[in-house]
Amino acid sequence: MALLEVKNLGISFGGLRAVDDFNISVEHRQLYGLIGPNGAGKTTVFNLLTGVYKPTRGTFSLDGVVLTGKSPIEISRAGIARTFQNIRLFKNMTVLDNVKTGLHNHQKYTAIEGIFRLPRYFKEEAGMDEQAMDLLHVFGLDEKADHLACNLPYGEQRKLEIARALATDPKLLLLDEPAAGMNPNETAELMETIRFVRDRFGIAILLIEHDMRLVAGICEQLTVLNFGTELAHGEVDEVLKDPKVITAYLGE
Ligand SMILES: Nc1ncnc2c1ncn2[C@@H]1O[C@H](COP(=O)(O)OP(=O)(O)OP(=O)(O)O)[C@@H](O)[C@H]1O
Ligand SMILES: [Mg+2]
């Protein structure tokens, strides 16, 4: 059974069918790419899969659990995490605290225990510091744990956002244009990071990206969206030389 199963998913905004009859199967540990022109509906797919938008049609499930209609918090707990096309960090919080916001998904102490600083609060907070530092270490950010997120260079902010998403302990990670705004060196390093994350955490990754070198370099399967509907899907080499895809998206 595939990890993520999406069937006939769709949403309309007014008269616009932003995503229509969208189907995808992502296997455990797969690196899957979602590509297509601007406005094709890629980010909208992520918003549907994270519960930001409720689909007008269709269903999706993770590991056999139907998640259609669930809230963003329920979906996060079920194991889908994401990063955003425009980086969204808590800019005036430290690097460490940004990662800890992800860990709070699994916090066990109650609000009362937190407010009155009861023993379980301290025990769990200490455990969370340690886990967050471990994650930062993976991304080479542990020495900047007490820096404010806004003071990190762009490439490191992207990494921090991935670390925070991983802190929620996902089975599936959605990355929305992680290489946007990166130079070729940063992009090459990001490719290594994405592969490393898949191997180290054993999770599946669904990646939206316009950088075809990155897509071709790491993805195993691709789906191409155009005007909200699927134009092609399959093995990367096949899809990238499909005349339909070249005409609609890749150009010469
Ligand atoms: N909340 C919304 N209300 C109205 N229209 C929306 C909304 N969200 C997205 N759309 C529209 O849906 C279409 C798909 O947008 P989406 O952001 O998913 O595209 P995209 O493939 O991610 O594009 P890009 O590559 O530029 O990021 C666009 O026409 C967009 O204007
Ligand atoms: Mg987008």
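Overview of the structure.

Conventions adopted
- Residues numbered from 1 in each chain as written.
- Chains lettered and ligands numbered in written order.
- Predicted model: local features only at pLDDT ≥ 70, side-chain atom pairs only at ≥ 80, totals over all residues.
- Pairing = 2+ DSSP bridges.
- Helix = DSSP H or I, 4+ residues; strand = E, 2+ residues; numbered from the N terminus.
- Axes fitted to C-alpha atoms, helices over the stretch in contact; angles between N-to-C directions.
- Parallel < 35°, antiparallel > 145°, perpendicular 65-115°, else oblique.
- Left-handed = near helix turned anticlockwise from the far one by under 90°.
- Contact = placed C-beta atoms within 7 Å.
- Nonpolar A, V, L, I, M, F, W, Y, C, P; charged D, E, K, R; others polar.

Here we take up the pairing of strand E1 (residues 4-13). In this structure, E1 lies alongside strand E2 (residues 16-26), joined through seven bridges in antiparallel fashion. Pairing of Ile11 across the sheet is with Val19, part of E2. Linking E1 back to E2 in an antiparallel pair, the connection comprises two residues, with Gly14 at a positive phi of about 60°. Pairing geometry for E1 and strand E4 (residues 57-62), over five bridges, is antiparallel. Residue pairing for E4: Lys7 is matched across the bridge by Thr59.

Helix H6 (residues 154-167) packs onto helix H5 (residues 119-138) with a crossing angle of 140° between their chain directions and a minimal axis gap of 10 Å. When the interaxial angle is binned, H5 and H6 end up oblique. Judged by the sense of rotation from one axis to the other, the crossing of H5 with H6 is right-handed. Residue-level inspection shows Ala132, Leu135 and Leu136 of H5 in contact with H6, the latter providing Ala163, Leu166 and Ala167. Residues belonging to the contact of H5 with H6 are distributed by class as follows: six nonpolar, no polar and no charged.

Mapped onto the elements, Lys54 comes out in the loop between helix H1 (42-49) and E4. When the C-alpha positions of Lys54 and Met93 are compared, they lie 31 Å apart, and in sequence the two are 39 residues distant.

Further remarks concern the sheet that holds strand E7 (residues 172-176). Pairing in this open sheet of six strands is mixed, and the strands run E6-E7-E8-E3-E9-E10 from one edge to the other. Only two strands of the sheet have a single neighbouring strand rather than two, namely strand E6 (80-82) and strand E10 (229-235). Recorded for the sheet is a direction-independent mean angle of 20° between the axes of neighbouring strands. Examined bridge by bridge, E6 and E7 share three bridges and lie parallel to one another. Paired with Ile80 across the bridge in E7 is Leu172. The sheet strands contacting helix H10 (residues 243-250) are strand E3 (31-35), strand E9 (221-226) and E10, and the helix crosses E10 at an angle near 125°.

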